[in-house]
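For reference, the chains in residue letters:
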Amino acid sequence: MKRSLVSENLGSEINPKNYSCLNCRQRKVKCDRCSPCSNCVKAEKKCSFIPPVRGKRQRTKPPREGLHAKLKRYEELLKSYGANLEQSGDCDSESETASQPDVELDEDAVPSSGRPNIEEAKPKLVIDKGSSIYFDSAPWSNLGNGLHHPEVGEPNDESNVHDSALFFEPEQIDKPENLAGLHFSLQILSKLKEIYLDRVDPMIKILHMPTFWILATNGLRVPQNLPTDSEAMIFAFYLATISTLKEDECQHLFGVCKSVINSHYRLAARQALVNAGFLSTSSPMTLRAYALFMTCVRKSYKCDTLFVLSGVAIRLARKMGLHRDGLTLGLSPFETEMRRRLWWHLAYVDFRLAGVLGTKPSLDLSCGDSQMPLNVEDEDLHPDMINLPPERRGITTTTPCLAKYEVMESLREFSTSCPDDLRREALPNPDVSVVKKDSIISHLEDRLEMKYLRYCDPSDSLHTFVSIMIRSSICQMKLFAHNPRQFVNSPVKVSQHERNIFFTNAMKLLEYVIFMQGGSHGLGKYTWHFGTSVLWTVILYVLIEVRRQKTGSDVDKAWRLIGTVFSYYPQVFEKSTGPVYTALGKWTLEVWDDHVAALMADGLSEPLTPDYIHAIGHCRRPTIASSSKAKSQVVESEPTTRDTFDNDKIQSPSYKDNLAGGGAVNFCDFPNLLSLEMDPGEWIQWEQLVAEQGSLTQGDSMNTLG
């Protein structure tokens, strides 16, 4: 009532304003926006309604420069200094897989901290100019292409080359000054290609020969301009092929002995790897060269050293993202298949070496999703292909590698503690019943039979090799699954059925070894890839069972097989030899003495002593060997030895340079076979001796589980 009277007396407007009066704005109090307002009436001040004027907001930062504008400005600056910015003609084939279109980023979308959002980081593969870098975690996976941790050196950093050179042990011969002058003529190169395809390619399927041949022939026109990764690959190809040659073949091709040409090109391949900075490389081509190099030096390097070299290869492969399947990463079908081949080869090598040393393979092997390579020929693959080709039925040059990979993968089914445990020790796992073990092995055997074995053509040497390799792998799995060693020092008695299974499979393996080493059916060209890591343990198993049975037809067969196998390894008959050969020689004499004693106890005549028993006795029991000479044993159907075991013929001077111990081993240092059946610690000592043997191989195909 009072308010309305005052308003009427002052002639005020009853309609409120859209803004506060000037006095209320200055005092920063709430205005009722009447004219006059109640605040001015109380204060007895003039109430003035003046519309506020909002000034233009000034920009505190200059406008953000777009990526295209920035790139153009940089190009203009480079041109002003005389730089040539013409686009490369092969940019389409070397484009970055992970490149994203240029976009203007909203400032409000950038986190206030100025750092990438770690929660949104995703794995990313960057391929550029033949290099491959895989970012698996934040923050580096969110950065632009080509960015990396500040402590990581550049690909051509000089320090990387020095690090690679220090990684290798020094050679006794001088390193080559100019690798360009060591390339072969095109005529010899063509012959090396045929040899590689025939002997190496089926064993190590990591090259696509059609594209490699184009690279090699084009590069050799001007070898001085070869990229370092291509040069490393070509010299690794040389070394791998030379390693498979026989002495007469080297003389015919190069006019020098094999030891000279092999040493020369081993050093050249090593130098090419150093020049390519292999220890920090991001090039799959360099990694392929390194993988081939490891295969070629497996007989001159210790197994421990090879295991370290393999670890380096696995880490380089992970850095390149080879453990991830290419189709998942959006790569082309051709690139996907080539990356699968390389990853699975490296994984198998690491698995094999870990098995010899009695340790677990790298955990990196179980962290990827790379699919197994396809059963196809190189002619089915092409860099421009749009889709992966259908797999072939039957045996291809990829089949030997695929069979090894399938056997390796099957070991996961024997492990109960960790599903990714790829170890041979998973086979005798007591937590898995014998029935289940036999079921797993039978299913694997049936699968390999359906996929490969039923297509075998006995007239084809590769088919015969695949058949022997698969059947020997199954024998090994059965042998280790029923291995009586698991009952050592255990109250559980080994049944005769279990002993028969492992004894039968052990003798089958010796027969496969003899068949391979004999070189018939064209198998001689694959013996360069044949190793001994499981062979010696198999012979030990046979000796243990022969010692228990003492007599019988199986025992007589075992003695013939042991003698034939020993004929291919004359180190057994040397006085100064490796500890494995010395131990096997001692145990062979022990078991033979028990065999003779058992025959005489049964009222039978003393058997004729085989030549190889005389030869072992001559270097292990010189006093006995010199005082008595026995007649040679006549073999019923096949020769016991390859040659007569005269001391003049039983020698291997080249092996003495590679002895791990550096001298003779005391005959009395080894336990007898009975202690191996009673004490698990003796088996550990035996495995250490085998692991330290200087001639163990990482790539033997026969001993898939070795």
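Going by the annotation in an unreviewed UniProt entry, the name recorded for the chain is Fungal-specific transcription factor domain-containing protein, with Aspergillus bertholletiae given as the source organism. One UniProt comment on the chain, placed under Subcellular location (unreviewed entry), says "Nucleus".

A. Just helix α9 (residues 247-254), in detail. Every buried residue of α9 is listed here: Cys250, Leu253 and Phe254. The buried side chains of α9 occupy one side of the element, clustering within an arc of 75 degrees when seen end-on. In this structure, α9 carries Asp248 and His252 as exposed residues pointing more than 90 degrees from its buried face. On its buried side, α9 packs onto α6 (186-200), α8 (228-243) and α10 (258-275). One or two steps after α9, the chain reaches glycine 255, where phi turns positive at roughly 75 degrees.

B. How the structure looks around the nonpolar core. If you look at the biggest cluster of nonpolar residues, it comprises 153 residues, and the most contacted ones within it are Tyr238, Phe254, Leu287, Trp536, Trp559 and Phe566. Looking at this core element by element, the count peaks at twelve residues for helix α16 (residues 461-481). When residues of this core are sorted by domain, at least three fall in each of domain 3 (401-510) and domain 4 (531-621). In terms of nonpolar packing, the next biggest core, distinct from the first, is built from seven residues, Cys24, Cys37, Cys40 and Phe49 among them.

C. Region of interest: the environment of leucine 215. Tracing the sequence through the fold places leucine 215 in helix α7 (residues 209-219). We classify leucine 215 as partly exposed; its relative accessible area is 24%. Along the chain, leucine 215 and leucine 226 lie eleven residues apart, while their C-alpha atoms are 9.5 Å from each other. Leave out the neighbours within four places in its chain, and leucine 215 touches Ser230, Ile234 and Met285.

D. Molecular detail of the UniProt feature "domain: Zn(2)-C6 fungal-type" (unreviewed entry) in the chain. Cross-referencing UniProt, the feature "domain: Zn(2)-C6 fungal-type" (unreviewed entry) maps to residues 20-49 in the present numbering. Annotated as 40% helix and 0% strand, the span residues 20-49 places its first and last C-alpha atoms 7 Å apart.

E. Looking closely at unusual backbone geometry. Cis geometry is found at the peptide bond from serine 35 to proline 36, where omega equals -5 degrees. Although it is not a glycine, lysine 28 sits at a positive phi angle of roughly 60 degrees. Secondary-structure assignment places lysine 28 in the loop between α2 (22-27) and α3 (38-43).

F. The pattern of salt bridges, seen in detail. One pass over the structure, following the stated rule, counts 18 salt bridges. A salt bridge links aspartate 198 to lysine 525; the nearest nitrogen and oxygen atoms lie 2.8 Å apart. Linking aspartate 198 in helix α6 with lysine 525 in the loop between α17 (496-518) and α18 (535-549), this pair joins segments that are 327 residues apart in sequence. The class for lysine 525 is partly exposed, based on a relative accessible area of 22%. Close ionic contact of aspartate 378 with arginine 341 constitutes a salt bridge, the shortest N to O distance being 2.9 Å. Placement of the pair is aspartate 378 in the loop between α13 (333-357) and α14 (399-410) and arginine 341 in helix α13, with a sequence separation of 37 residues. Judged by its relative accessible area of 8%, aspartate 378 falls in the buried class. The exposure class of arginine 341 is buried, given its relative accessible area of 1%. Beyond isolated ion pairs, a larger network of salt bridges with shared partners links Asp201, Lys205, Arg341 and Asp378.

Rules and cut-offs
Residues numbered from 1 in each chain as written. Predicted model: local features only at pLDDT ≥ 70, side-chain atom pairs only at ≥ 80, totals over all residues. Heavy atoms only, no water. UniProt positions renumbered as here; feature names shortened; annotations may be inferred. Buried < 20%, exposed > 50% of the residue type's maximum accessible area, 1.4 Å probe, protein only. Helix = DSSP H or I, 4+ residues; strand = E, 2+ residues; numbered from the N terminus. Arc of directions from axis to C-beta. Contact = heavy atoms within 4.5 Å. Core = buried A, V, L, I, M, F, W, Y, C linked by side-chain atoms within 4.5 Å. Domains from an automatic or database assignment. Salt bridge = Lys/Arg side-chain N within 4 Å of Asp/Glu carboxyl O.

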